[in-house]
Amino acid sequence: MSLERLDKVLCHHGFGSRKDVKKLCHRQLVFLNGNIVTDSAQKVDVEKDRIEIDGEEIRLQKDIYIMMNKCMNTVCANKDGEHSTVFDLLDDSVKHKFLGGDIHCMGRLDIDTEGLLILTTDGQLTHRLLSPKTHIPKQYAVGLEKKLSSQEKQLYIKTFAEGFWIDREQNESGFQCQSSYLEFLKDDEGLPLENFQSGKVDCYLTIFEGKFHQVKRMFAQMGNKVIYLKRIKMGNLKLDSSIPLGQWKELSEEELSLLKEPPSALHSI
């Protein structure tokens, strides 16, 4: 049971200040489980109670969990003076405060990286999944500038599996890259079902950490350049291929369970 004051709940669902909610109650426009509420300090159960405002039922929600298929040229920030942000892609229906807090990105993707991005108000879940101790696998579809021979591919696979040193980049220090899983597509293999609209996919890479520009720096260390990058999986949760680039949906209960569960098949596609 999650009991909250009625005025707090309605404030966080876009009905103005506590003073505004009090006025709604005095006008007898607020109903709790079919009964008129005149006291805006009334306690409500967010998980079970039904609230109507002027005959229209509102959806009570403490936290929200959104899956976005991020498009290029958008940044994972609340505001940016030069570029559109992922928050600009959201509808007004979710651009309000929730009881769980403000919507934030669960990790970030670079401006030129597409794919799976989770936005949520659940700070505890974000902290748990992004903690360096958790080692949640993140899988990417990668397009490379340089075409590789079979021998070069095997060298990449072996090097990535063993882990290797990544040189310093600008103000970012170098680091020892952990073991990762790399799988190349066959030359005659068609693209998988994911929505790869902006680039060609050469391989899949699963990493278990999240350093600055890590995937790009890993391939750069090998003398190659990433020209297309899309995150397609985080833990057990895979990007829904039906979501067009730049669009989003709320996670289903099943998808949320997958996100919360400890990862199973770490490099399954």
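Check the entry above for the structure.
Calculation criteria
Residues numbered from 1 in each chain as written. Predicted model: local features only at pLDDT ≥ 70, side-chain atom pairs only at ≥ 80, totals over all residues. Heavy atoms only, no water. Helix = DSSP H or I, 4+ residues; strand = E, 2+ residues; numbered from the N terminus. Buried < 20%, exposed > 50% of the residue type's maximum accessible area, 1.4 Å probe, protein only. Contact = heavy atoms within 4.5 Å. Lys, Arg positive; Asp, Glu negative; His and termini not counted. Charge placed at Lys NZ, Arg CZ, Asp CG, Glu CD. Axes fitted to C-alpha atoms, helices over the stretch in contact; angles between N-to-C directions. Parallel < 35°, antiparallel > 145°, perpendicular 65-115°, else oblique. Nonpolar A, V, L, I, M, F, W, Y, C, P; charged D, E, K, R; others polar. Phe/Tyr/Trp six-rings, centres within 6.5 Å; stacked < 30°, edge-to-face > 60°. Pairing = 2+ DSSP bridges. Core = buried A, V, L, I, M, F, W, Y, C linked by side-chain atoms within 4.5 Å. Salt bridge = Lys/Arg side-chain N within 4 Å of Asp/Glu carboxyl O.

Explain the overall build of the protein chain to me, please; I cannot follow it from the model alone.
Looking only at helices and strands, one finds 6 helices and 19 strands in the protein chain. With the C-alpha coordinates of the protein chain rotated into their principal frame, the extents come out at 75 × 40 × 35 Å. Taking all 269 residues of the protein chain together, the buried fraction comes to 47%. Look at the contacts in the protein chain between residues 6 or more apart in sequence, and 67% of them connect residues 24 or more apart. Between the averaged position of the 37 positive side-chain charges in the protein chain and that of its 41 negative side-chain charges there is a distance of 4 Å.

Explanation requested: the packing of helix H3 (residues 123-130) against helix H6 (residues 253-260) in the structure shown.
Describing two packed helices takes the angle between their axes plus the distance from one axis to the other. H6 packs onto H3 with a crossing angle of 45° between their chain directions and a minimal axis gap of 11 Å. Classified by the interaxial angle, the pair formed by H3 and H6 is oblique. Of the residues in H6, those in contact with Leu-125, Arg-128 and Leu-129 of H3 are Leu-256, Leu-259 and Lys-260. Looking at the contact of H3 with H6, its residues break down into 4 nonpolar, no polar and 2 charged.

Is there a simple way to explain the packing of aromatic side chains in this structure?
Note on aromatic pairs: each is described by the distance of the centres and the angle between the planes. In the structure shown here, the tally under the stated rule is 5 aromatic pairs. With 6.2 Å between their ring centres and 20° between their planes, Tyr-156 and Phe-160 make a pair best called stacked. Note that Tyr-156 and Phe-160 are positioned in helix H4 (residues 150-162) at a spacing of 4 residues, about one turn of the helix. Classification of Tyr-156 by relative accessible area gives buried; the value is 3%. Residue Phe-160 is classed as buried on the basis of its relative accessible area, which comes to 0%.

Looking at this structure, I do not really get the pairing of strand S11 (residues 114-120). What am I missing?
Looking along a regular strand, one sees the side chains alternate between the two faces of the sheet. The element S11 is largely enclosed, with a buried count of 7 among its 7 residues. Bridge count between strand S7 (residues 65-70) and S11: 6 bridges; the pairing is antiparallel. Bridged to Met-68 within S11 is Leu-117. As paired strands, S11 and strand S17 (residues 226-234) are joined by 2 bridges and run parallel to one another. Each residue of the ladder has a partner; that of Gly-115, found in S17, is Arg-231.

For this particular structure, what's the right way to read the sheet that holds strand S2 (residues 30-32)?
Backbone hydrogen bonds hold the strands of a sheet together, and the pairing may be parallel or antiparallel. With antiparallel pairing, 4 strands are arranged side by side in an open sheet as S3-S2-S5-S6. Among the strands making up the open sheet, the edge pair consists of strand S3 (35-36) and strand S6 (56-58). One ladder, built from 3 bridges, connects strand S5 (residues 51-53) with S6; its direction is antiparallel. Looking at the pairing, Glu-52 lines up with Glu-57 of S6.

What is the right way to look at the nonpolar core in this model?
Most often, soluble globular proteins keep nonpolar side chains buried together rather than apart. Leu-119, Val-142, Phe-160, Leu-205 and Phe-219 are the most contacted members of the largest nonpolar core, which has 35 residues in total. Counting residues per element, the ones that place at least two in this core are S7, S11, strand S12 (138-144), H4, strand S15 (181-184), strand S16 (203-207), helix H5 (214-221) and S17. The contact partners of Phe-219, leaving out residues within four places of it in the chain, are Val-142, Leu-144, Tyr-156, Phe-160, Leu-182, Cys-203, Leu-205, Asn-224 and Val-226. Counting residues in each nonpolar core, the second largest holds 16 residues, with Leu-6, Val-9, Val-46 and Ile-51 among its members.

Would you mind going over the pattern of salt bridges with me for this structure?
Between side chains of opposite charge, a pair can form as their charged atoms come close. One pass over the structure, following the stated rule, counts 11 salt bridges. Of the charged contacts in the structure, one is a salt bridge between Asp-7 and Arg-5, with a shortest N-O distance of 2.6 Å. A relative accessible area of 2% means that Asp-7 is categorised as buried. The residue Arg-50 makes a salt bridge to Glu-52 at a minimum N-O spacing of 2.9 Å. Overall, Arg-50 belongs to the partly exposed group, its relative accessible area being 32%. One network of salt bridges, with partners in common, ties together Asp-110, Asp-112 and Lys-216.

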